[in-house]
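Geometric and topological summary
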Amino acid sequence: MGNMKITSFVLILVLFLMSDCNVLGKVHVVIRNELEGGRVMNIRCRSKDDDIGHLAIPDGHQIEWKFSVNLWGSTLFSCDVQWDDSKWHGFVAYSYRRDSERCENKCLWLISRDGLLYGFNEQTKSWDVLPFEDGWS
């Protein structure tokens, strides 16, 4: 009977670890178009498991979504943005390693009128300029 309890416990543990458990909480990501002048920002955001899709965000509007961080703390959302005739610029909208303290449960981003990427740092209560992954900033 003892082996049956151990086997059941191990099976439940394996199923728990394989699920998308919300052990680390929900995260809310917001990316705002502040390009001004009526410029539309094209954006596509995705993780390994989810694709937010291609969207055209009008000036002064935003895209937002919520998700659960996985048990392993490896959740990563990346985005590509483009406006006017620019090339596509990539950035990581959420990385557990970087953002678990920087923005905890709400990660705020904006693309400025100069085409710069800003991320709000909850620890310092300031907007930080961050480079795009393609090196353009």
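In the annotation of an unreviewed UniProt entry, the entry for the protein chain reads S-protein homolog, and the organism field reads Erythroxylum novogranatense. Word for word, the UniProt comment on the protein chain under Sequence similarities (unreviewed entry) is "Belongs to the plant self-incompatibility (S1) protein family." Looking at the protein chain in UniProt, the text filed under Subcellular location (unreviewed entry) is "Secreted".

Within the structure shown, the criterion is met by 7 salt bridges. One continuous salt-bridge network, built from bridges that share partners, spans Arg98, Asp99 and Arg102.

Turning our attention to the sheet that holds strand E2 (residues 41-46). Overall, antiparallel pairing links the 4 strands, which are arranged E3-E2-E5-E6 in an open sheet. In the strand order of this sheet, the two ends are held by strand E3 (51-57) and strand E6 (89-95), each with one partner. Between one strand and the next, the sheet's axes are offset by a mean angle of 20 degrees, whatever the strand orientation. Here E2 pairs with E3 via 6 bridges, running antiparallel. Pairing of Met41 across the sheet is with Ile57, part of E3.

What counts and how
- Residues numbered from 1 in each chain as written.
- Predicted model: local features only at pLDDT ≥ 70, side-chain atom pairs only at ≥ 80, totals over all residues.
- Heavy atoms only, no water.
- UniProt positions renumbered as here; feature names shortened; annotations may be inferred.
- Salt bridge = Lys/Arg side-chain N within 4 Å of Asp/Glu carboxyl O.
- Pairing = 2+ DSSP bridges.
- Helix = DSSP H or I, 4+ residues; strand = E, 2+ residues; numbered from the N terminus.
- Axes fitted to C-alpha atoms, helices over the stretch in contact; angles between N-to-C directions.

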